[in-house]
Amino acid sequence: MMTRPVIPTGWNENGQTSLICEALVQGRRVKISKALVLYHSQEFGNTAAMAEAVAKGLRNSGCEVDLFNTNEGRFDVTRFPQYDCVAFGSPDYYSYIAGGLKTFMDDHYIYDVRKGLDGLTNKHYVLFYSHGGGGRVKDVMSDIFKRVGTLIGKPVDSRGKPDSQVLNKCTALGKELAKAVT
Ligand SMILES: Cc1cc2nc3c(=O)[nH]c(=O)nc-3n(C[C@H](O)[C@H](O)[C@H](O)COP(=O)(O)O)c2cc1C
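We now turn to the structure provided with this report. Just so we're clear, the structure is a prediction, and the values are computed from it rather than from any experiment. (Residues numbered from 1 in each chain as written. Predicted model: local features only at pLDDT ≥ 70, side-chain atom pairs only at ≥ 80, totals over all residues.)

1. Quick look at the pairing of strand β5 (residues 34-39)
- Most of β5 is tucked away, with five of its six residues classed as buried.
- As judged from the six bridges shared by β5 and strand β6 (residues 64-69), these two strands associate in the parallel manner. Across the sheet, the residue bridging to Tyr39 is Asn69, located in β6.
- In this fold, β5 hands off to helix α1 (residues 46-60), which returns the chain to β6; that crossover is right-handed.
- Bridging between β5 and strand β7 (residues 85-91) involves five bridges; their strand directions are parallel. Across the sheet, residue Leu36 finds its bridge partner in β7, namely Val86. (Buried ≥ 20, exposed ≤ 12 C-beta atoms within 10 Å, placed from the backbone. Helix = DSSP H or I, 4+ residues; strand = E, 2+ residues; numbered from the N terminus. Pairing = 2+ DSSP bridges. Right-handed = clockwise from strand over helix to strand, strands pointing away.)

This is how it looks when you write it as structure tokens:
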């Protein structure tokens, strides 16, 4: 498939260059979806490896992808409305999600419900998680991320370091998410 790069257009509300989310594919204008892979990885890089595999699936399906590890800082929730879809990934920490992702969901609620920022909900999303043999974080993730929108596919898990089978499942999950928004 022949694609041409996205076309710079102007400025977004933060004063940064914004991009028309379109490309020419075989002479037709098609929308390029923007995807966020928001995850936490700190101990071994297990969740990060899964995040990269999900991002690969999204990119291979034509999405523009941003990856953000909440271990490296607080994700600015006011950036969230620009994304068409999102993949959330967490390690199991005490049968709960990692603190950075919990902070994101706290910010999400406050900006959505109290501050009235538009564009924070009605997103398609997927879930992935790594664990040391427990994995009860799955139930927490299934519950807490509901307010973001519609879950696509089944959550992918890895016990410890993700093997090639798990990574392939993550890539397939990224493709499934892309398909839901393009
Ligand atoms: C503070 C802490 C708490 C953890 N609690 C659990 C747990 O309750 N259940 C579980 O299965 N694994 C638990 N683990 C193991 C991690 O979920 C697992 O090692 C994960 O793959 C780490 O992901 P990362 O390498 O991306 O940081 C815990 C690890 C840490 C550091």
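2. Concerning the nonpolar core
- In this structure, Ala35, Val37, Val54, Val86, Ala87, Phe88 and Phe128 are the most contacted members of the largest nonpolar core, which totals 43 residues.
- When residues of this core are traced back to their parent elements, those giving at least two are β5, α1, β7, α2 (99-114), β8 (123-131), α3 (137-144) and α4 (164-181).
- Examining the composition of this core, we find that seven residues originate from one element, α1, more than from any other.
- In this structure Val37 touches Ala51, Val54, Ala55, Val65, Leu67 and Ala87, once residues within four positions along its chain are discounted. (Core = buried A, V, L, I, M, F, W, Y, C linked by C-beta atoms within 7 Å. Contact = placed C-beta atoms within 7 Å.)

3. Remarks on α2
- An ideal rise of 1.5 Å per residue puts 22 Å on 16 residues; α2 measures up with 21 Å between its terminal C-alpha atoms.
- Of all the residues in α2, the buried ones are Gly100, Leu101, Phe104 and His108. Taken down its axis, α2 places every buried residue within 95 degrees of arc, on the same side. Residues Asp106, Ile110, Val113 and Arg114 are exposed on α2 and point more than 90 degrees away from its buried face.
- The elements touched by buried residues of α2 are β5 and β7.
- Two residues or fewer past α2, Gly116 is found with a positive phi of approximately 70 degrees. (Expected span 1.5 Å × (residues − 1). Arc of directions from axis to C-beta.)

4. Comments concerning the packing of α1 against α4
- At a closest axis distance of 7 Å, the pairing of α1 and α4 adopts a crossing angle of 40 degrees. Classified by the angle between their axes, α1 and α4 sit oblique to one another. Note on packing geometry: the crossing formed by α1 with α4 is right-handed. Along its contact with α1, which presents Ala49, Met50, Ala53, Val54, Ala55, Lys56, Gly57, Leu58 and Asn60, the element α4 presents Val166, Leu167, Cys170, Thr171, Ala172, Leu173, Gly174, Lys175, Leu177 and Ala178.
- Grouping the amino acids of the contact of α1 with α4 by side-chain chemistry returns 13 nonpolar, four polar and two charged. (Axes fitted to C-alpha atoms, helices over the stretch in contact; angles between N-to-C directions. Parallel < 35°, antiparallel > 145°, perpendicular 65-115°, else oblique. Left-handed = near helix turned anticlockwise from the far one by under 90°. Nonpolar A, V, L, I, M, F, W, Y, C, P; charged D, E, K, R; others polar.)

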